[in-house]
Amino acid sequence: MSARWGMVLGALLLVVLTAWGARHVYAVVHPDLDPGHRFTVVYAVAFVILCWQTVLALSERPYVTSAEQAQALDQLRVVANVPIYNEDPAALKETIASLLDQTRLPQVIHAVNDGSTQVDYAKVRAWAETAAAERGVELTWYDKPNGGKRSAQVVTFSSTPEADIYLTVDSDAVLDERALEEGLKPFADPEVTSVAGVVQALNNRANLLARLTDLWFVMGQMTDRSSLSTMGSVLVNSGPLALYRAQVVRDHLHTYASEEFLGRRVEFSDDSMLTLFCLCAGKTVQQPTAFAFTLMPETLDHHLRQYLRWMRGAFIRSFWRFRYLPTNRYAYWAHLAGWVQTLVSLWVFIALFVVGAARDPGSVPPLLLIPVLVGYGQALRYFSARRSDEPTWSRVLTVVLSPLASLWAFFGLRLVRLYAIATCRRTGWGTRESVEVALARPVGAS
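Remember, predicted model here, so these are calculated numbers, not experimental data.

1. Points about the nonpolar core
Here comes step 1: Membership of the largest hydrophobic core comes to 37 residues, with the highest contact counts inside it found for L92, L99, I109, L167, F187, L241 and L243.
Here comes step 2: Excluding residues within four positions of it along the chain, L241 makes contact with L167, T168, L175, A179, A196, G197, A290, F291 and A292.
Here comes step 3: Counting residues in each nonpolar core, the second largest holds 18 residues, with L235, Y332, L336 and C424 among its members.

Here's what the structure looks like:
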């Protein structure tokens, strides 16, 4: 099936679902026209999808290598890119320190200061250059006018034709010491073109919001992304830790640097576009033993702006996925199924929690048990991403609080996503005009 017919099929399904949803909202207003359990089929299908996703997620296994494969991976030239913009100097220093403390070192680190206006990095730069030289790692520091994260990455991608693997690391991410060693292992399979690491919040105990965000973020990686990884079809990596076949990135460098949507330059959704290039060329996977820790928002304003940017990027990227993903790949149908679920759940939400609640407010509490119980079940995957810097009681507390995360996603973030779709033409970055989250204490401190 051609990409054009794939897009047509997707559009037809969405139109049918829109008509179906409108009919059911009307039926809630006029229950005499549609007696009985109107959403029984929806619930049954949703349960089947949930079971399928759970089975795939639990089937994910970390890649392991033989001695011969490990030797071949050691020969790969890894170039790390760290784009910097108004980052907390202490956090940036920890990022570079974690790269220099890897059990398998990158050969090259590019630290690209993208026109920061609020911070002086002279001391961090001097320390980094000395520390890298001591470890035998080539570190190059670039200062450039502000052009966005992509332009900072393009500095690296366009100047390193000898690279075999690109490692992208956010400037507030701290890598586990085995992150690169573990993240390289899937590349022993020649069909693998990109590898996502597992990202957790470095500041997860800063406040309730940071704790819930960490839970929500880890759940997404260990359920949705794990299920896609089992099928070699990860749709988007995370900026704090991702690895790419360098040649695939260089083959699409012009497209990456010049993406536009409705005539406007796209500054975000960089990770999803790099993943899309790799997905079209081979298998994209997650390595569940490669970990990074990053600073998550600690204020509601920052959290909403970050999620709004992510959702705008996700909506824009959907067009490219429908257009370019081969229709004989699991990734295409998983992406289509995701949009079907989104649209169906929106109509069910309107029917039950807007129209239905207006008619019978007492019907709402029992219905909320469904997302809460599903959230609890998925939250158990949070325990699979262990960390040595947090006591067990704290992790248990986070899981116990999962109903708050589920309800926030069910009501609050749903509205943010709809607003993001309505305002998708705003393609600017939208965050970090100054340092927004500072490192409270050095990593590893007690």
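2. Here we look at the environment of V266
Here comes step 1: When you line up the elements, V266 lands in the loop between β9 (264–265) and α11 (270–281).
Here comes step 2: A relative accessible area of 2% places V266 in the buried class.
Here comes step 3: In this structure the C-alpha to C-alpha distance between V266 and G428, which are 162 residues apart in sequence, comes to 6.8 Å.
Here comes step 4: Beyond its immediate sequence surroundings of up to four residues, V266 is in contact with R150, E259, E260, F261 and T427.

3. Let's talk about a nonpolar patch on the surface
Here comes step 1: A contiguous nonpolar surface patch, about 410 Å² in accessible area, is contributed by Y376, L380, F383, V396 and V400.
Here comes step 2: Inspection of the secondary structure puts V396 in helix α15 (residues 392–400).
Here comes step 3: When its relative accessible area of 36% is taken as the criterion, V396 is described as partly exposed.

4. Concerning the confidence of the model for the chain
Detailed reading of the predicted model is not advised wherever pLDDT is low.
Here comes step 1: Per-residue confidence for the chain gives a mean pLDDT of 87, with 86% of residues at or over 70.
Here comes step 2: With pLDDT under 50 throughout, residues 442–446 is counted as low confidence; its partners more than four residues away or in other chains account for five contacts.

5. Observations concerning the side chain of E87
Here comes step 1: Along the polypeptide, E87 turns up in the loop between β1 (78–84) and α4 (89–100).
Here comes step 2: Residue class for E87 comes out buried when judged on its relative accessible area of 2%.
Here comes step 3: Within the structure, E87 has its side chain in polar contact with the side chain of S171 (distance 2.9 Å).

Cut-offs and rules
- Residues numbered from 1 in each chain as written.
- Predicted model: local features only at pLDDT ≥ 70, side-chain atom pairs only at ≥ 80, totals over all residues.
- Heavy atoms only, no water.
- Core = buried A, V, L, I, M, F, W, Y, C linked by side-chain atoms within 4.5 Å.
- Buried < 20%, exposed > 50% of the residue type's maximum accessible area, 1.4 Å probe, protein only.
- Contact = heavy atoms within 4.5 Å.
- Helix = DSSP H or I, 4+ residues; strand = E, 2+ residues; numbered from the N terminus.
- Patch = residues over 30% accessible without salt bridge, like charges linked within 9 Å, V, L, I, M, F, W, Y side chains within 5 Å.
- Areas by Shrake-Rupley, 256 points an atom, 1.4 Å probe, with all protein chains shown as cover.
- Salt bridge = Lys/Arg side-chain N within 4 Å of Asp/Glu carboxyl O.
- pLDDT = per-residue confidence, 0-100.
- Polar contact = N/O pair within 3.5 Å; in protein donor to acceptor, adjacent residues only side chain to side chain.

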